[in-house]
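Here are the chains, one letter per residue:
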Amino acid sequence: EAGVTQFPSHSVIEKGQTVTLRCDPISGHDNLYWYRRVMGKEIKFLLHFVKESKQDESGMPNNRFLAERTGGTYSTLKVQPAELEDSGVYFCASSQYNPEAFFGQGTRLTVV
Amino acid sequence: AQSVTQLDSHVSVSEGTPVLLRCNYSSSYSPSLFWYVQHPNKGLQLLLKYTSAATLVKGINGFEAEFKKSETSFHLTKPSAHMSDAAEYFCVVTPSGGYQKVTFGTGTKLQVIP
């Protein structure tokens, strides 16, 4: 069974550019979560989808971040325009029965 | 409100000696507690979980943790470290029954010396 897959694994962009991260959850998982780890800090919750609906987006830092999950399958997280403080590792997780979730390997985003 | 504190950012042990990674939590609700491990260039992997059943929880790869409500602790232990245990470990707390609003600790990097 395929696990949670994230694309790209690394991304280096300039300040002001746009970046889109993608997460493919485990097939059949209704719950999809995004988390972020800024260097040296704890991993923080960003948002939670149940199928295609945003269940909780209280962790999204500001309106430069936009998450979508069309059709309840894969999800994208767009950062536009990117700022230096957006650098970090972005994790995606999926689950079917709470509370156990399965994590992807993360996307390391560097904004220069 | 809830929080989790991993008391050590780095732990170094010799191969074959015991491992102790410390985690203290605070939660307004009955918490669920987890330990995850991240090996280099890999995703987060669930080691074990406590969800209000037995207080001594056994996980994969010989790890276990004991939930101590009186001490608000959930320390991770292993009797004998293996080289493959070198990784970063995260303690996680969430209100019991849900996975939203999870709170991660800052992580403990475990080094295993041959």
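Heads up: the structure comes first, above all this text.
On a predicted model such as this, the values are computed, not experimentally measured, just so you know.

K.L.:
What is the right way to look at the overall build of chain B in this model?
P.N.:
Each helix and strand counted, chain B has zero helices and twelve strands in total. In sequence order, chain B lays out its α and β elements as β-β-β-β-β-β-β-β-β-β-β-β. Taking the principal axes of its C-alpha atoms as reference, chain B extends roughly 40 × 25 × 20 Å. Within chain B, buried positions represent 45% of all 114 residues.

K.L.:
I'm lost on the nonpolar core in this one. Help?
P.N.:
For soluble globular proteins, nonpolar side chains are generally found buried alongside one another. Ranked by size, the top nonpolar core spans 26 residues in total, and within it B:Trp35, B:Leu48, B:Leu76 and B:Tyr89 carry the most contacts. At four residues, the largest contribution of residues to this core is made by strand β10 (residues 87–95) of chain B. Setting aside residues no more than four positions away along its own chain, B:Tyr89 makes contact with B:Gln6, B:Leu21, B:Trp35, B:Tyr36, B:Val37, B:Leu47, B:Phe63, B:Leu76, B:Gly107, B:Thr108 and B:Leu110. Counting 21 residues, the second-largest nonpolar core is a separate cluster that includes A:Cys23, A:Ile26, A:Leu46 and A:Phe49.

K.L.:
Which parts of the structure should I look at to understand the pairing of strand β12 (residues 108–113) of chain B?
P.N.:
It is a general feature of regular strands that their side chains alternate between the two faces of the sheet. All names here are of chain B. Here β12 shows one buried face, formed by Thr-108, Leu-110 and Val-112, and one open face, formed by Lys-109, Gln-111 and Ile-113. Taken together, the five bridges between strand β2 (residues 10–14) and β12 define a ladder with parallel strand orientation. Its bridge partner lying in β12, Val-13 is registered against Val-112.

K.L.:
Would you explain the state of the cysteines in this entry?
P.N.:
Chemically, a disulfide is nothing more than a covalent bond linking the sulfur atoms of two cysteines. Residue and element names in this part refer to chain A. The tally for this structure, following the rule as stated, stands at two disulfides over all chains. With its sulfur 1.8 Å from that of its partner, Cys-23 forms a disulfide with Cys-92. Its S-S torsion of about -60° marks the bond between Cys-23 and Cys-92 as left-handed, since a negative value means left-handed. A residue pair is termed long-range when its members are at least 10 positions apart, and Cys-23 in strand β3 (residues 19–24) and Cys-92 in strand β9 (residues 88–95) qualify at 69 residues.

K.L.:
Honestly, the interface of chain A and chain B in this entry has me stumped. Any pointers?
P.N.:
Interfaces are frequently sized by the accessible area removed from exposure as the parts join. Taken together, the contact between chain A and chain B spans 19 residues of the former and 21 residues of the latter. Between chain A and chain B, roughly 1,700 Å² of surface is buried when both sides are summed, and carbon and sulfur atoms account for 59% of that area. Along the contact surface separating chain A from chain B lie one salt bridge. A:Arg37 is the partner of B:Glu88 in a salt bridge, and the nearest nitrogen-oxygen pair spans 3.1 Å. Seen at the junction of chain A and chain B, the total is two residue pairs in polar contact (both at pLDDT 80 or more). Looking at the side of chain A that touches chain B, the elements with two or more residues in it are β4 (31–37), β5 (43–50) and β6 (53–56) of chain A. Of the residues in the side of chain A that touches chain B, the class split is eight nonpolar, six polar and five charged.

About the cut-offs
- Residues numbered from 1 in each chain as written.
- Chains lettered and ligands numbered in written order.
- Predicted model: local features only at pLDDT ≥ 70, side-chain atom pairs only at ≥ 80, totals over all residues.
- Heavy atoms only, no water.
- Helix = DSSP H or I, 4+ residues; strand = E, 2+ residues; numbered from the N terminus.
- Buried < 20%, exposed > 50% of the residue type's maximum accessible area, 1.4 Å probe, protein only.
- Core = buried A, V, L, I, M, F, W, Y, C linked by side-chain atoms within 4.5 Å.
- Contact = heavy atoms within 4.5 Å.
- Pairing = 2+ DSSP bridges.
- Disulfide = S-S within 2.5 Å.
- Buried area = accessible area lost by both parts, 1.4 Å probe.
- Salt bridge = Lys/Arg side-chain N within 4 Å of Asp/Glu carboxyl O.
- Polar contact = N/O pair within 3.5 Å; in protein donor to acceptor, adjacent residues only side chain to side chain.
- Nonpolar A, V, L, I, M, F, W, Y, C, P; charged D, E, K, R; others polar.

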